[in-house]
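# Chains, contacts and geometry: an overview
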Amino acid sequence: MSGTKDTDRAKEAKAAELKALQAALGAEHAAVYGYGVVGGKIDDARRTEARAGYDAHRARRDELARAVRDLGGSPEASAAAYALPFQVKDSGAAVRLAAELEERVAGVYSDLVRASTGDRRRTAAEALREAAVRAVRWSGESVAFPGLAERAATPSASAPSPT
């Protein structure tokens, strides 16, 4: 009987990890889309920083898609477009959007840290840290526990929702 419980727990853990991976993948899809908007409105002084964020999220997105496949899942595809949390008409709004994207991605990675173990957990913690650092660079503000405080203030930690 104990073996059955262990097998059930292992299946539940794998399902929880796969769900968290899919959520992180969805957040990365949205962040890539959002950075496309940021890049179109950001001033020249911060364009390199925006490009670096875009490239980092594309790399994480691709890494997550592989991880989903490794667990036997089918990676969720990107939506054609995502609803932004506010209009991005100028560079100032682009900076605010970049900060919000990073905060939301950090929140989703905190869920992945909780749901995973070993190397995957380490990678998720690294991604959370990188998103938190980018959020601070964009906003000029930080929180004590990135990925957690923001979740209490928002109904969903995932990045902009598909339209």
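This section reports on the structure supplied with the text. (Residues numbered from 1 in each chain as written. Predicted model: local features only at pLDDT ≥ 70, side-chain atom pairs only at ≥ 80, totals over all residues. Heavy atoms only, no water.)

Residue pairs spaced three or four apart in an α-helix point in one direction, given the helix's 3.6 residues per turn. The end-to-end C-alpha distance of helix α3 (residues 91-115) is 36 Å, a good match for the 36 Å that 25 residues give at a rise of 1.5 Å each. In terms of burial, α3 is largely enclosed, as 19 of its 25 residues are buried. The opening residue of α3 is D90, an N-cap whose side-chain oxygen sits 3.3 Å from the backbone nitrogen of G92. (Helix = DSSP H or I, 4+ residues; strand = E, 2+ residues; numbered from the N terminus. Expected span 1.5 Å × (residues − 1). Buried < 20%, exposed > 50% of the residue type's maximum accessible area, 1.4 Å probe, protein only. Polar contact = N/O pair within 3.5 Å; in protein donor to acceptor, adjacent residues only side chain to side chain.)

Here we take up the packing of aromatic side chains. All chains considered together, the criterion is met by 2 aromatic pairs. Here the aromatic rings of Y33 and Y82 are separated by 5.4 Å at their centres, their planes lie at 55°, and the arrangement is tilted. Of this pair, Y33 sits in helix α1 (residues 2-41) while Y82 sits in the loop between α2 (47-70) and α3, and the two are 49 residues apart along the sequence. The exposure class of Y82 is buried, given its relative accessible area of 7%. With centroids separated by 6.4 Å and ring planes inclined at 55°, the aromatic side chains of Y35 and W138 adopt a geometry described as tilted. A residue pair is termed long-range when its members are at least 10 positions apart, and Y35 in helix α1 and W138 in helix α4 (residues 118-139) qualify at 103 residues. Just as Y35 is buried, W138 falls in that class too. Cation over ring: R96 sits above F86, and NZ or CZ is 5.4 Å from the ring centre. (Phe/Tyr/Trp six-rings, centres within 6.5 Å; stacked < 30°, edge-to-face > 60°. Lys NZ or Arg CZ within 6 Å of the ring centre and 35° of its normal.)

Within the fold, S116 resides in the loop between α3 and α4. Of the residues examined, S116 reaches a relative accessible area of 1% and is grouped as buried. A polar atom in the side chain of S116 sits 2.6 Å from the backbone oxygen of L112. At a separation of 3.5 Å, a polar atom in the side chain of S116 contacts the main-chain amide nitrogen of R121. Every residue in contact with S116, bar those within four places of it in the chain, is listed here: E17 and R121. (Contact = heavy atoms within 4.5 Å.)

Overall, the coordinates contain 12 salt bridges when judged by the stated rule. For R46, the salt bridge is made with E49, and the minimal N-O distance between the two is 3.0 Å. One salt bridge connects D55 with R51, and the closest N-O pair in it is separated by 3.4 Å. One end of the pair, D55, and the other, R51, are both in helix α2, 4 residues apart, so they sit about a helical turn from each other. By relative accessible area, D55 is classed as partly exposed at 32%. Relative accessible area serves as the criterion here: at 48%, R51 is assigned to the partly exposed category. Several salt bridges converge on common partners, so that one network encompasses R60, E63, E126 and E130. (Salt bridge = Lys/Arg side-chain N within 4 Å of Asp/Glu carboxyl O.)

Function-wise, these values are silent; they only describe arrangement.
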